Amino acid sequence: MNKKIKRLFIANRGEIVRRIAYSAKKLGIETSCIISKKAPLFLRPLISNFILVKEENLKLYLDSDRLINIAIQNNCDAIHPGFGFLSENADFCQKVQDAGLTWIGPSSSAIKLMADKSSARSLAHKLNISCTKGVNDFIYENKKNLESLINHFNENDFPLLIKASWGGGGKGMRLVNEPRQLEEMIIRASSEAENAFGKKNLIIEQYISQARHVEVQVLADKNGEIQILGDRDCSIQRRHQKIIEEAPAPNLSPSLREELHLAAKKLAKSVQYESCGTVEFMVPTNTRDDKYYFLEMNTRLQVEHTVTEEVFSIDLVAWQLKIAQGETLNKTTRNKQVKGHSIQARIYAEDVEKNFLPFPDAIHGFLPFQMHGIRWEIGIDCKDEISNEFDPMLAKVVSTSETRKEAIEQLNFALKNTFLASTASNKEFIQNILENPSFIECPQSTNFIQEKIQEILESINAKKELSKEKIDFILPTLKSYIQRNKRTTHVSISEISKSAFSFKPTNTSVNSENFENKNLTIEAIYSNVDLISKLVIFSILDTKNNKHCATASYASLKDGREIYFIDYNGSLFRKEKKKKQIKWTTVTKNDSEDKEISSPVPGKIVKVLIEKNKKIKKNQACFILESMKMEFDIKSNAGGTVKDIIVKEGEVVTAGKILAQLQ
């Protein structure tokens, strides 16, 4: 029997820290986590001990020795790695145990075999579980070993998918459509994998262009009992990263569902797996046969574990902690059955119109909508700053109802009524996916966004056009209110937190003050004021029918700028007041002049792809930028001759920094 855990160090950040701390608190376990500034509001009720560090960055979360030392120095006796970072690093797992601490997760031997996707594929082959043709554990060294790789495939094997052997989340992943792209994509994937996970090993495999991403949830104890808790469909992806997940996976034949569950159980049993894990498969959509291919096993808690928890009424994090303390699975978990349908959307700070480029920026208001059947997992405060060091996920929202159709409608309603004052996010994009007839009708392939993106963007812009007239009417009234109420009544932050940041939020009322004209009533529902800045959030009612019609925020910043956000019927508009007024925008985006190439976000220049005095074409990739653990091409807005290159490889740049000039 393992020793009881007294204090848990959560070696992660953001919403997963809050999620783990919630379950730990239920079990009477104290929790600690790292912060580098004032403790976030969304974590304060749950974390027993905040550990202040000088700087919170990627390097810290990949430094196993330092993380273990931090845990020991703060009297922690266990470590939960969360997801990402070192969560699937067998060496970290072993070091934690060697230090006398309890590791929350599978054994280091299981991680070595399964978290390393190369060895997992080899094991699946031995167990007669179908895999696509591929090369495992490839490390790029030079052109010579690249030639040996090319000889393994013929032209009919393309397209190929390159992915990191370690880690996930779409990082270190590239699609190769033809042989001439292979070397460049391998170099890019290798670099990104090493930056995100500390290892540059790759898998190169055949890519199935029309397939669903279906995964099976495994839960196992130390005595060898393995239980399968259903399946999930995670096919709605961009940049090979999931953004919508649902459970159970719809429209699977009973025989295929059973085969997937048996394959997952067989893999878990073969490595004596314990704790939570997920086995992922690709299921072709262009065949009537029950074909499937093993993809990988994630030896950790998945971002999308929430939808399984909802349909099985189980706390997977609590079971991770119980299993780590030696508790065994029982009849209660063994006899659980699926009830209803659950769907999750991930909210990211990213520019959808620029190929989902991460967009770290300030949050000038965040109020998640509460209702029965909606669950929020939140990683930001109402007023916050998004770092360019980490993954840009802000929050997850989960909708659970009796049917898939009801769960989709409920999720869309919650998102439309959620206020997120961010210069760029995917919230409206998600809303329009949820309204897309193809998505509503049946599950889609992993190519859904690629095939439908233009249609979805047109839908977003059409809705904005319909809302502009209302916005132009609301803004003057809002400005008048602000001028008359320069000293806004403070709303209790504790009252807001009870609603917005609880595990399963419930409605709560807040103090407000009213301002009426002939058609609108404005209520201040949140304020945050200090010596140098001010943020106020407003609920705006249509006086004619006494219904809520919009949510708005006003931010007065230390640099003298004033920023207004108004969300009308799910469409967000932004207005910034400087010396000169600018027009309403669709929430980004100051494109560089055609003769300048600038960085859209903060980051590091990984590679310069152009040369001075050489001609380039419009939309040509000119720089590779690393931001939020991903690498992106920065392209030219126009063709021309390169007059000057202002930055060097390895240089850290700010958003808007001019990188090169054309003539």
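Residues numbered from 1 in each chain as written. Predicted model: local features only at pLDDT ≥ 70, side-chain atom pairs only at ≥ 80, totals over all residues. Heavy atoms only, no water.

Caption draft 1: Expanded view of the overall build of the protein chain. Within the protein chain one finds 17 helices and 36 strands. Here the C-alpha radius of gyration of the protein chain, 25 Å, is about what a compact globule of 663 residues would show, namely 26 Å. Each of the three principal axes of the protein chain carries a C-alpha extent, and together these read 75 × 65 × 55 Å. Looking at the protein chain residue by residue over its 663 residues, the buried ones come to 59%. When contacts within the protein chain are restricted to residue pairs at least 6 apart in sequence, those whose partners lie at least 24 apart make up 63%. Surface summary for the protein chain: the accessible area is close to 28,400 Å², and the carbon and sulfur share equals 47%. One finds the centroid of the 95 positive side-chain charges in the protein chain at a distance of 3 Å from the centroid of its 84 negative side-chain charges. (Helix = DSSP H or I, 4+ residues; strand = E, 2+ residues; numbered from the N terminus. Rg over C-alpha atoms; globule rule 2.2 N^0.38 Å. Buried < 20%, exposed > 50% of the residue type's maximum accessible area, 1.4 Å probe, protein only. Contact = heavy atoms within 4.5 Å. Areas by Shrake-Rupley, 256 points an atom, 1.4 Å probe, with all protein chains shown as cover. Lys, Arg positive; Asp, Glu negative; His and termini not counted. Charge placed at Lys NZ, Arg CZ, Asp CG, Glu CD.)

Caption draft 2: Structural view of helix α1 (residues 15-26). With 12 residues, α1 extends 17 Å between its outermost C-alpha atoms, agreeing within 8% with the 16 Å of an ideal straight helix rising 1.5 Å per residue. Of all 12 residues in α1, nine are buried, a share of seventy percent or more. Glu15, Ile16, Val17, Arg18, Arg19, Ile20, Ala21, Ser23 and Ala24 are the residues of α1 that are buried. (Expected span 1.5 Å × (residues − 1).)

Caption draft 3: Molecular detail of the packing of helix α14 (residues 427-434) against helix α16 (residues 448-484). Interhelical geometry of α14 versus α16 gives an angle of 105° and a closest axis separation of 9 Å. On the basis of their axis angle, the class for α14 and α16 is roughly perpendicular. Where α14 approaches α16, its residues Glu428, Phe429, Asn432 and Ile433 are matched on the opposing element by Phe448, Ile449, Ile453, Ile456, Ser459, Ile460, Lys463 and Lys464. Along the lines of polarity and charge, the residues of the contact of α14 with α16 split into seven nonpolar, two polar and three charged. (Axes fitted to C-alpha atoms, helices over the stretch in contact; angles between N-to-C directions. Parallel < 35°, antiparallel > 145°, perpendicular 65-115°, else oblique. Nonpolar A, V, L, I, M, F, W, Y, C, P; charged D, E, K, R; others polar.)

Caption draft 4: Main features of the state of the cysteines. If you walk through the whole model with that rule in mind, you get zero disulfides. Free cysteine: Cys33, not disulfide-bonded; nearest cysteine sulfur from Cys76 at 10.0 Å. Cysteine Cys442 shares no disulfide, and the gap to the nearest cysteine sulfur, in Cys234, comes to 17 Å. For Cys442, a relative accessible area of 26% puts it in the partly exposed group. (Disulfide = S-S within 2.5 Å.)

Caption draft 5: Expanded view of the pattern of salt bridges. The full count for this structure, using the stated rule, is 45 salt bridges. Ionic pairing is found between Glu304 and Arg346, a salt bridge with its closest N-O pair at 3.1 Å. Of the two residues, Glu304 is situated in the loop between β14 (293-298) and α10 (305-312) and Arg346 in strand β15 (residues 341-348); the sequence distance between them amounts to 42 residues. Classification of Glu304 as buried rests on a relative accessible area of 1%. For Arg346, a relative accessible area of 5% corresponds to the buried category. Through salt bridges with shared partners, a single ionic network connects Arg19, Lys26, Glu309, Glu310, Asp315, Arg375 and Glu377. (Salt bridge = Lys/Arg side-chain N within 4 Å of Asp/Glu carboxyl O.)

Caption draft 6: The arrangement of the sheet that holds β15 in detail. Reading across from one edge, β14-β13-β10-β11-β12-β15-β21-β19 is the order of the eight strands in this open sheet, with antiparallel pairing throughout. In this open sheet, the two edge strands, each paired with only one partner strand, are β14 and β19 (374-378). For this sheet, the mean angle separating the axes of adjacent strands, direction not counted, is 25°. As judged from the four bridges shared by strand β12 (residues 241-247) and β15, these two strands associate in the antiparallel manner. Across the sheet, residue Ala247 finds its bridge partner in β15, namely Ser342. Contacting β10 (211-220), β11 (226-238), β12, β15, β19 and β21 (393-401), α10 crosses the sheet at an angle of about 155° to β15. (Pairing = 2+ DSSP bridges.)

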